[in-house]
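# Fold and geometry: a report
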Amino acid sequence: MDPVVIPILVAAIVVIFLVASTVRIVPQARRYNVERFGRYRRTLQPGLNLVMPVADRINSKLDVREQVYSSEPKPVITEDNLVVNIDTVLYYQITDPRSAAYEVADYLHAIDQLTVTTLRNVIGSMDLEGTLTSREEINARLRAVLDDATGKWGIRVNRVEIKAIDPPNTIKEAMEKQMRAERDKRAAILHAEGERQAKILTAEGTKQKDILEAQGTQQAMILRADGEAKAVELVFQSVHRNNADAKVLAYKYLETLPSLASSDNNTFWVIPGELTEAIRTVTSAFGDDSKGGPPPAAEAGEARAEDGEVPGSGGTPELDAPSALSLDVAQATDEAEKQAAAAVSDAKAEAQAAQSSQLPGRGRTSGD
């Protein structure tokens, strides 16, 4: 090999090495800390960067993106002397690469220990129930303490979350029993409430049913009473329109008496006081007509006609037998018999009027 070529190759290799040592390419979201002769010089930004060969060297390469750090469960004692294991998740971001590299030796370990210390201070002032139900408060207090402490390290804590809180097994069993009892209680309450509502609805339905049945019965009784009243009114009008005599009315009155004893459950029945009046009226009326002879007034009128007396001739009328008979009867009977006799007299007067209409010459004598 030519002796001139060897120095040229060595020189070329040295140049390539110097050029490679001078140029530094930094990826996006990365930061490189450069030291010159062991002292911090500057921080390289993403892109192409030139450094002094041999004198400058890269001390640390840091990622400035937001990162997640999950710590191992740490035992913490609560205010009521219960040991719980708490697992936390930390979201942080490097804001100052120089401080993160030179202010703290291991920022992750430092953050982990600071988290444990802060958790013990916070949880130590709470009981188990408060620890399980106050996660937001614990997270806020942790973030405030960590953000204040890590600020000088060039790290910003964006968020702290409690991933799990594990109480002892005995406490878990007691909590499960409590939750089961609460569920059974709610189920019993819901069941009782359902039965109560069902009974209320049933009672309301029964009440509405009774009210409607009572209203229906009331309307039916009103309509039935109206019908009976109209029927009685029609019968009453028919009787007065046809001018029925006392004998017919008395006979109809007696005709309704058998219906009083038609029921098998009747052990006794009461005869109204008007029955005697009706019997007397019918007996008097049919008894006088059954004698077979004409009324006394009619006989007297015929006798006068045979003697040649003309009705209305101005002679003095004499008292006839019917007048004397009525006087004797009025003295012998009570007030009820008087009413019956008056009814019979009206019937006889109607009969005489009918006979006088057949004998025009003798009708006025008996009427006077």
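Now for a look at the structure at hand. (Residues numbered from 1 in each chain as written. Predicted model: local features only at pLDDT ≥ 70, side-chain atom pairs only at ≥ 80, totals over all residues. Heavy atoms only, no water.)

## Notes on the side chain of Asp-63
Formally: Numbered from the N terminus, helices here are DSSP runs of H or I no shorter than four residues, and strands are runs of E no shorter than two. For the exposure calls, accessible area comes from a 1.4 Å probe over protein chains only, and a residue counts as buried if that area is under 20% of its type's maximum, exposed if over 50%, partly exposed in between. N or O atoms within 3.5 Å of each other form a polar contact, as long as, within protein, one can give a hydrogen and the other can take it, and as long as residues adjacent in sequence are counted only when both atoms are side-chain atoms.
Mapping Asp-63 onto the fold places it in strand β5 (residues 56-63). Accessibility expressed as a relative area gives 17% for Asp-63, which makes it buried. For Asp-63, the side chain forms a polar contact with the side chain of Arg-65, separated by 2.7 Å.

## Thoughts on a negative patch on the surface
What counts is decided by this rule: By definition, no residue in a patch forms a salt bridge, and every one has over 30% relative accessible area; like charges are joined within 9 Å, nonpolar side chains (Val, Leu, Ile, Met, Phe, Trp, Tyr) within 5 Å. Note on areas: Shrake-Rupley with a 1.4 Å probe; residue coverage comes only from the protein chains shown. Only one rule defines a salt bridge in this text: a Lys or Arg side-chain nitrogen within 4 Å of an Asp or Glu carboxyl oxygen. Neither His nor the chain ends contribute to the count of charged residues, in which Lys and Arg are positive and Asp and Glu negative. All charge positions are set by atom: Lys at NZ, Arg at CZ, Asp at CG, Glu at CD.
Side chains of Glu-79, Asp-80, Asp-127 and Glu-129 sit close together on the surface and give a patch of like negative charge. Looking at the secondary structure, you find Glu-79 in the loop between β7 (74-77) and β8 (83-94).

## Here's the deal with empty space enclosed by the protein
Where we set the bar: Definitions used throughout: a 1 Å grid over protein atoms alone; a cavity as a set of points that fits a 1.4 Å probe which cannot get out; a pocket as an open set with protein on both sides within 12 Å along at least five of seven lines; a lining residue as one with an atom within 4 Å of a point. Grid points are joined across faces, edges and corners, and a volume is the space filled by probe spheres set on the points.
Within the structure shown, the criterion is met by 1 cavity of 30 Å³ or more. In this structure, the largest cavity occupies an estimated 40 Å³ of space. Lining of the largest cavity is provided by Tyr-69, Ser-71, Thr-88, Leu-90, Ile-111, Asp-112, Thr-115 and Val-160. Mapped by element, the contributors of at least two residues to the lining of the largest cavity are β8 and α3 (107-123). Per-element accounting of the lining of the largest cavity gives the leading share, 3 residues, to α3.

## Focus on a positive patch on the surface
Residues Lys-177, Arg-180, Arg-183 and Arg-186 make up a contiguous surface patch of positive charge. Looking at the element boundaries, Arg-180 is found in helix α6 (residues 169-242).

## Points about the nonpolar core
Note the threshold: Put simply, buried Ala, Val, Leu, Ile, Met, Phe, Trp, Tyr and Cys residues joined by side-chain atoms within 4.5 Å make one nonpolar core. Note on definitions: a residue-residue contact is assigned when non-hydrogen atoms from the two residues lie within 4.5 Å.
Of all hydrophobic cores here, the largest spans 28 residues; its most connected members are Ile-86, Leu-90, Ile-138 and Ile-155. Contributions of two or more residues to this core are made by β8, α3, α5 (135-150) and β9 (155-166). No other element matches α3, which puts 6 residues into this core. Once residues lying within four places of it in the same chain are set aside, the contact partners of Ile-86 are Glu-72, Pro-73, Lys-74, Val-76, Leu-119, Ile-123, Ile-162, Ala-164 and Ile-165.

## Digging into unusual backbone geometry
Of note in the backbone geometry, Ala-29 takes a positive phi value of approximately 65° without being a glycine. By the secondary structure assignment, Ala-29 is in the loop between β1 (23-26) and β2 (30-36). If you check the backbone angles, Phe-37 has positive phi at about 55° while not being a glycine. By the secondary structure assignment, Phe-37 is in the loop between β2 and β3 (39-44). Residue classification places Phe-37 among the exposed positions, given a relative accessible area of 70%.

## Brief notes about the environment of Ser-71
With respect to the helices and strands, the residue Ser-71 is situated in the loop between β6 (67-70) and β7. Under the relative-accessibility criterion, Ser-71 is labelled buried at 7%. The contact partners of Ser-71, leaving out residues within four places of it in the chain, are Asp-87, Thr-88 and Asp-112. At a separation of 2.8 Å, a polar atom in the side chain of Ser-71 contacts the side chain of Thr-88.

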